[in-house]
Amino acid sequence: MSKDIKNESPNQIDNNEKIEICYMCHQEFNINEDDDSHYHYGKYPMCAYCSEFYGFYKKDR
């Protein structure tokens, strides 16, 4: 066995990961990724794909 293999579970969630379900397409995604995913109107989680497709972006960009 290689010493480079981590002893972590492959399904272990990173501390910075927050899984949400997109309000539009119902796919799971990490809202904390550095992309266009965001809470639309501060309430509805939207993945990066739907944000770009429907033209909704974070206000700080």
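Residues numbered from 1 in each chain as written. Predicted model: local features only at pLDDT ≥ 70, side-chain atom pairs only at ≥ 80, totals over all residues. Heavy atoms only, no water.

Peer 1: What is the right way to look at the packing of aromatic side chains in this model?
Peer 2: Given two aromatic rings, one states the distance between the centres and the angle between the planes to describe the pair. Across all of its chains, the model carries three aromatic pairs by this definition. Residues tyrosine 23 and tyrosine 44 carry aromatic rings whose centres are separated by 4.6 Å and whose planes lie at 45 degrees to one another, so their mutual orientation is tilted. Highlighted residues: tyrosine 23 in the loop between β1 (19–21) and β2 (28–30) and tyrosine 44 in strand β4 (residues 44–46), separated in sequence by 21 residues. Taking relative accessible area as the criterion, tyrosine 23 reaches 47% and is therefore assigned partly exposed. Note on tyrosine 49 and phenylalanine 53: the rings are 5.9 Å apart at their centroids and 15 degrees apart in plane angle, and the pair reads as stacked. Of this pair, tyrosine 49 and phenylalanine 53 both sit in helix α1 (residues 48–54), four residues apart, which is roughly one turn of that helix. The exposed category is assigned to tyrosine 49, whose relative accessible area is 58%. Since its relative accessible area comes to 56%, phenylalanine 53 is described here as exposed. Through a chain of ring-to-ring contacts, the aromatic side chains of Tyr49, Phe53 and Tyr54 assemble into a single cluster. (Phe/Tyr/Trp six-rings, centres within 6.5 Å; stacked < 30°, edge-to-face > 60°. Helix = DSSP H or I, 4+ residues; strand = E, 2+ residues; numbered from the N terminus. Buried < 20%, exposed > 50% of the residue type's maximum accessible area, 1.4 Å probe, protein only.)

Peer 1: Looking at this model, I keep getting lost on the confidence of the model for the protein. Mind explaining?
Peer 2: It should be kept in mind that the predicted coordinates are not to be read in detail where pLDDT is low. Confidence in the prediction of the protein, expressed as mean pLDDT, is 81, and 69% of residues score 70 or more. This model gives residues 1–5 a pLDDT under 50, and the stretch forms zero contacts once residues within four places in sequence are excluded. (pLDDT = per-residue confidence, 0-100. Contact = heavy atoms within 4.5 Å.)

Peer 1: Just to check I follow, could you spell out the pattern of salt bridges for this structure?
Peer 2: A side chain with one charge may pair with a side chain of the opposite charge, provided their charged atoms come close. Within this structure, the stated rule accounts for one salt bridge. Linking lysine 18 and glutamate 20 is a salt bridge whose minimum nitrogen-to-oxygen distance equals 3.8 Å. Overall, lysine 18 belongs to the partly exposed group, its relative accessible area being 39%. (Salt bridge = Lys/Arg side-chain N within 4 Å of Asp/Glu carboxyl O.)

Peer 1: Before we go on, may I ask you to explain unusual backbone geometry in this structure?
Peer 2: Negative phi characterises most residues that are not glycine, and trans characterises most peptide bonds. Positioned with a positive phi, histidine 26 is a non-glycine residue whose angle comes to about 65 degrees. Looking at where histidine 26 falls in the secondary structure, it is placed in the loop between β1 and β2. The exposure class assigned to histidine 26 is exposed, which follows from its relative accessible area of 57%. Unlike most non-glycine residues, tyrosine 41 shows phi in positive territory, near 60 degrees. Judged by relative accessible area, which is 71%, tyrosine 41 ranks as exposed.

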